[in-house]
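An overview of the molecular structure
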Amino acid sequence: MTFLVIAITLLSIVQNTQSRILETQLEIGTTANDEIRNVSHYRRSTATTDEWTYFQNLPPSQTPNLRKPQILESTIEPKPVRSPTTVLKRDNASNQPTPQVWEYGVLAPNMVPTRLRSPSASPSLERSNDSKPSNMPSTQLPTSRMKDAGITTKAPVSISTEPTKFPTNPSTENKKKPNILLIFADDVGTGDIPRYWNSGLVKMPNIDRLSDMGVTFLDAHSTPLCAPSRYMLLSGNYQHRGRNPNGSWNLGYENNQFTSNQKSLAEILKGAGYHTFMTGKWHLGAKVPPSGLVDRDKYLTSPWHNWTLPLIDGPQDIGFDRSYITSGGIQEAPYSFFRNGILTTDVQSETTYWEPGSYKTSVGDSVILRAGEGDISWDSSSYNMILVNETSMFLDEHFSEKPDQPFFAYVALGAVHIPHSPPNHYLDGQPVADEYPNGHLDMLHEMDMVVGSLVSMIETRGVANDTIIIFASDNGGLRYTPGIPHRPSGPLRGKKGEIWEGGHRIPFIMRHDGVFPANEQRDHVVGLNDLYATLCDILEIEIPHLSAQDSVSFADYILSQNSTEKLRKSLALFDYKKSALQADALRRGNLKLVRFMNKNARVELYDVKNDISESVDLSKDPSYQDTIQEMTKELQSLGPCPEDVNGFFPIHNSVLDVTFNTSCQFFERKPWKCDNFLEGELNCNSLCGRHKRVCVNSYS
């Protein structure tokens, strides 16, 4: 007996000693982590590789005070852009800037809204002679305009529709990886797309064709709202893994939604040799230079905002080589574009304060919903066509300068978010406005045309067999309009912003000619966050530690309906309102558990395979009680307020590249370690949770 007591005592001493040694090693790594985090965090507030090299050679304690505008160098030669819609070129005779029509023949010059233009100045968008009226949108631009844009007309590309297997070893190291074109629609529900429920009025020949040539996912999910879904897409995470639980929406006081230990999909692809590009709606947050937002009413003209500097934590800081974006799409100030993080508006001469209202332009009726500063040439009706032009220019640059590299082009459309301000005509002269009963449907009409233009860019360049094309939406559809037989969510219950299927089930299509099967459907649950791991799987890219924590690859499932072994078994969904979790849900197989918080606290259960409209609550059925308890426990563990883990769990030190087992005592003794190891937040929420206010507001 005495011998047993002595043995146990010695074993305890050895374990404690080992624990202390491991903690000491972790602290050494933590110090190094701190230095890297300080520099890495500041790197995201800079715009060039030169600055990053410069800061690497300085002590970390100095980096926060070393922003020097004079060493900022643009990564692209500045174009003489006066506004988002007019390119100026020098007249050879007078050497004066002369407005020219954009590539693809798109937008007429001097597109200044009527309120700011003399009555005599009323340019209009001319129809090309080679664009003939038709009941269907054109899938290509007119030949003459393609020639003007430097795009030659080619014979139809030979396309194989037979699927191939992904490579299983890196023996083809020198083989070029496929390009990626990601088209991300705004507020488009499954009912808006004819291939889902056939519940819409708008014909979509281009999206139908994309579906015919690819794989359509019938049970794909986002979050119920815009900004969180954009983080979900690019991070591979549920939204509360980011800086704010409900996403980062506007330019303001804080950095973007990504924390310093997370790498975006663009960063991963760029590190793998991709030429990366984004255009359109950003909605991931960024800090106004030089030190954050001071005056929201004077976004552009406040003397405290320095727009000679790039956005802090903008697209250029999370992996995009090129970008042309607006911070909040078409619905909020500032109503201006940013190129590679730099404001394109001259704040001294091209700024105005837009009051809510409708403004006639040469393209259509530009609509302002919320007052705020912006460019004098802002025109919401031209937004999506501008994105088409920017994508075309990027591809021209890419194939001219970097033809041996693959590209990643992320096109975040304004369609079909409010305000619904369709152009009078599309780029090829096809009519858009007033083709359907309301502006919402007209915008869906334009969106299909945009998809056609973007896909045509891939096909006319002969790279359809080398490009993965993805179409998806950021959340469910908009509210049904009484009297109009168009249902944005089809038979699904709910709409954008709600925890019901209509709020987060989205259209999702993937095409890769000769690799993915054509005209097939998949009905297993997938999430937007899964695209990260899926692309990394296809491209044989290793996912960095602590990135894409909630992402599960469905690469094999794309190729075969029967390859379900590696798919996720469940998917969590979260509906935040301001600083509280309003509701959450868990999809597991055919079942969906829904929880409502606070005064509406209750649990509901639905069989969404047999009850797609979520009309029969099974939560009171005795046979489901054990299932409800299991699903509730899992949902709680995946959310922003998980219960602490009892016992040991692995913790990884990225500097030492070692993994140890530890417990919550590791963080209890030294709480500052919570900032260095995400495992603390995941496993010891009571000590390290960043969203304690949300937990209090949601569960009290």
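Keep in mind the model is a prediction, meaning the values are calculated, not measured.

Take the state of the cysteines next. Evaluated as defined, the whole model comprises 3 disulfides. Disulfide pairing places Cys641 opposite Cys695 at an S-S distance of 2.0 Å. Taking the sign of the S-S torsion, about -105 degrees here, the bridge from Cys641 to Cys695 comes out left-handed. In this pair, Cys641 sits in the loop between helix H13 (625-638) and strand S25 (649-653) while Cys695 sits in helix H17 (residues 692-699), placing the two residues 54 residues apart along the sequence. Comparing Cys641 with Cys695 shows no difference in burial state: the two are buried. Disulfide pairing is shown between Cys674 and Cys688; the S-S distance is 1.9 Å. Here the S-S torsion is close to -55 degrees, and the disulfide linking Cys674 with Cys688 is therefore left-handed. Taken together, the residues span a long stretch of sequence, with Cys674 in the loop between helix H14 (665-669) and helix H15 (678-683) and Cys688 in helix H16 (residues 685-688) at a distance of 14 residues.

Attention now moves to the pattern of salt bridges. By the definition in use, this model includes 32 salt bridges. Glu501 is the salt-bridge partner of Arg587, the closest N and O atoms lying 3.3 Å from each other. Taken together, the residues Arg587 in strand S22 (residues 580-588) and Glu501 in helix H10 (residues 501-504) connect sequence positions 86 residues apart. As far as the burial class goes, Arg587 and Glu501 line up, both buried. A salt bridge links Glu604 to Arg602, with the nearest nitrogen and oxygen atoms 2.7 Å apart. With a relative accessible area of 37%, Arg602 lands in the partly exposed category. Connected via shared salt-bridge partners are Asp219, Glu501, Arg505, Arg587, Lys592 and Glu614.

Where helix H5 (residues 205-212) contacts helix H9 (residues 439-460), the two axes come as close as 7 Å, and the packing angle between them is 50 degrees. As judged from the angle between their axes, H5 and H9 are oblique. Contacts between H5 and H9 involve Pro205, Asn206, Ile207, Arg209 and Leu210 from the first element and Met447, Asp448, Met449, Val451, Gly452, Val455 and Glu459 from the second. Here the residues of the contact of H5 with H9 sort into 7 nonpolar, 2 polar and 3 charged.

Summarising the sheet, strand S13 (residues 357-360) and strand S14 (residues 365-368) pair through 4 bridges and their orientation is antiparallel. Bridge pairing in S14 links Gly357 to Ile368. Where S13 hands over to S14, the hairpin turn is made up of 4 residues, counted between the paired strands.

So, about the nonpolar core. Ranked by size, the top nonpolar core spans 113 residues in total, and within it Phe217, Phe408, Tyr410, Met447, Phe471, Phe508 and Met510 carry the most contacts. Ranked by residue count, the leading element in this core is H9, at 11 residues. Residue contacts for Phe217: discarding those within four places in its chain leaves Tyr196, Ile506, Phe508, Met510, Arg522, Val526, Phe554, Tyr557 and Ile558.

Before going further, it helps to examine the environment of Lys569. Structurally, the position occupied by Lys569 is in the loop between helix H12 (555-559) and strand S21 (570-577). In this structure Lys569 comes out as exposed when scored by relative accessible area, which is 60%. Taking the C-alpha atoms as reference points, Lys569 and Val526, separated by 43 residues in sequence, lie 9.6 Å from one another. Dropping the residues within four chain positions of it, Lys569 is found in contact with Arg587, Arg588 and Gly589.

For the rest of this paragraph, the subject is unusual backbone geometry. Note that the residue after Ala333, namely Pro334, is joined by a cis bond; omega there is 0 degrees. Assignment of secondary structure puts Pro334 in the loop between strand S9 (322-326) and strand S10 (338-339). Residue Asp187 is not a glycine yet carries a positive backbone phi of 65 degrees. Summarising the element assignment, Asp187 is placed in the loop between strand S4 (179-185) and helix H4 (194-197). Positive phi, close to 60 degrees, is recorded for Glu540, a residue that is not glycine. By the element assignment, Glu540 lies in the loop between helix H11 (530-539) and H12. Among the residues examined, Glu540 registers a relative accessible area of 38% and is labelled partly exposed.

Right, let's get into the side chain of His305. Note that His305 resides in the loop between strand S8 (286-287) and S9. There is a polar contact of 2.9 Å between the side chain of His305 and the backbone oxygen of Tyr299. The residues contacting His305, other than those within four sequence positions of it, are Val288, Pro289, Pro290, Gly292, Leu293, Val294, Asp295, Lys298 and Tyr299.

Enumeration according to the criterion identifies 23 aromatic pairs in this entry. Between Tyr231 and Phe258, the ring centres sit 5.2 Å apart and the planes meet at 70 degrees, which makes this aromatic pair edge-to-face. Note that Tyr231 is positioned in helix H6 (residues 226-235) and Phe258 in the loop between strand S6 (251-252) and helix H7 (265-271), a separation of 27 residues in sequence. Among the residues examined, Tyr231 registers a relative accessible area of 0% and is labelled buried.

Glancing now at H11. Counting buried positions over the 10 residues of H11 gives 9, a clear majority of the element. Looking at H11, one finds that the buried residues are Asp530, Leu531, Tyr532, Ala533, Thr534, Leu535, Cys536, Ile538 and Leu539. Residue Glu540 follows H11 closely and has a positive phi angle near 60 degrees.

Definitions and cut-offs
- Residues numbered from 1 in each chain as written.
- Predicted model: local features only at pLDDT ≥ 70, side-chain atom pairs only at ≥ 80, totals over all residues.
- Heavy atoms only, no water.
- Disulfide = S-S within 2.5 Å.
- Helix = DSSP H or I, 4+ residues; strand = E, 2+ residues; numbered from the N terminus.
- Buried < 20%, exposed > 50% of the residue type's maximum accessible area, 1.4 Å probe, protein only.
- Salt bridge = Lys/Arg side-chain N within 4 Å of Asp/Glu carboxyl O.
- Axes fitted to C-alpha atoms, helices over the stretch in contact; angles between N-to-C directions.
- Parallel < 35°, antiparallel > 145°, perpendicular 65-115°, else oblique.
- Contact = heavy atoms within 4.5 Å.
- Nonpolar A, V, L, I, M, F, W, Y, C, P; charged D, E, K, R; others polar.
- Pairing = 2+ DSSP bridges.
- Core = buried A, V, L, I, M, F, W, Y, C linked by side-chain atoms within 4.5 Å.
- Polar contact = N/O pair within 3.5 Å; in protein donor to acceptor, adjacent residues only side chain to side chain.
- Phe/Tyr/Trp six-rings, centres within 6.5 Å; stacked < 30°, edge-to-face > 60°.

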